[in-house]
Amino acid sequence: MKNNSKIAIIVIAIVILLGVFVVSGYNSLVSLEQNVNTAQSNIDTQLQRRSDLIPNLVNTVKGYATQEKDIFTDIANARSKLAGASTVTDKANADSDLSNALSRLLVVVERYPDLKSNQNFRDLSVQLEGTENRIAIARQDYNTAVTNYNTKRRKFPSNIIASIFGFEEKPLYKASTGAEQVPSVDFSK
């Protein structure tokens, strides 16, 4: 009986250690996944802030550049696409489209010196620039959180816990195809 109780104690100790290991690994993955969700929400918040600023900027520019209707339409379409995006990839693509349209708008602004000196426009431009910086930082933070989560999820023995409890890989926030190219603006039309 002495040997049986020693074996029972050893088995119980092993089960407890395994339980602690599984709970610890699970909680670690949950924390990292929550960091990813928070970082994604921060991107969404900054994208929404930019989206809210854009109508004011567009209306200010419209008064000076009424013939640039295509750019205003492109911005409106890109904002709608961003608002309807549900996945990280869709948001990245819509964000890229909106950034391209905004770049073209800012090129239009260069043609109107009176507009650049307008206080309302300058204030909106500063706010938009600050928001663009916040978006860039939020994207970096998101990608860092995703990298940490995905790395932990793939490492042994966490990969076993991740597969048992259904922790899926998270996508990185990537620019859409062609985003590295400068948008073309043609004023000859």
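Residues numbered from 1 in each chain as written. Predicted model: local features only at pLDDT ≥ 70, side-chain atom pairs only at ≥ 80, totals over all residues. Heavy atoms only, no water.

1. Section: the overall build of the chain
Right, so step 1: When helices and strands are counted, the chain shows six helices and zero strands.
Right, so step 2: For the chain, the N- to C-terminal ordering of α and β elements is α-α-α-α-α-α.
Right, so step 3: Across the 189 residues in the chain, those meeting the buried criterion constitute 30%.
Right, so step 4: Within the chain, residue pairs in contact and separated by at least 24 positions form 80% of the contacts whose partners lie at least 6 positions apart.
Right, so step 5: Surface accessibility of the chain: about 11,700 Å² in total, with carbon and sulfur atoms responsible for 54%. (Helix = DSSP H or I, 4+ residues; strand = E, 2+ residues; numbered from the N terminus. Buried < 20%, exposed > 50% of the residue type's maximum accessible area, 1.4 Å probe, protein only. Contact = heavy atoms within 4.5 Å. Areas by Shrake-Rupley, 256 points an atom, 1.4 Å probe, with all protein chains shown as cover.)

2. Concerning the environment of Leu-128
Right, so step 1: Within the secondary structure, Leu-128 is located in helix 5 (residues 119–154).
Right, so step 2: Considered as a pair, Leu-128 and Ile-54 are 74 residues apart in the sequence and their alpha carbons are 8.0 Å apart.

3. A closer look at the packing of aromatic side chains
Right, so step 1: One pass over the full model with this rule turns up three aromatic pairs.
Right, so step 2: Consider the rings of Tyr-26 and Phe-165, whose centres lie 4.8 Å apart with planes at 65°: the pair is edge-to-face. Of this pair, Tyr-26 sits in helix 1 (residues 2–62) while Phe-165 sits in helix 6 (residues 158–165), and the two are 139 residues apart along the sequence.
Right, so step 3: Tyr-26 sits in the partly exposed class, given a relative accessible area of 33%.
Right, so step 4: Geometrically, the ring pair formed by Tyr-26 and Phe-167 is edge-to-face, given 5.6 Å between the ring centres and 65° between the ring planes. With Tyr-26 in helix 1 and Phe-167 in the segment after helix 6, this residue pair connects regions lying 141 residues apart in the sequence.
Right, so step 5: Classification of Phe-167 by relative accessible area gives buried; the value is 6%.
Right, so step 6: Each member of the aromatic cluster is reached from another via a ring pair, and the members are Tyr-26, Phe-165 and Phe-167. (Phe/Tyr/Trp six-rings, centres within 6.5 Å; stacked < 30°, edge-to-face > 60°.)

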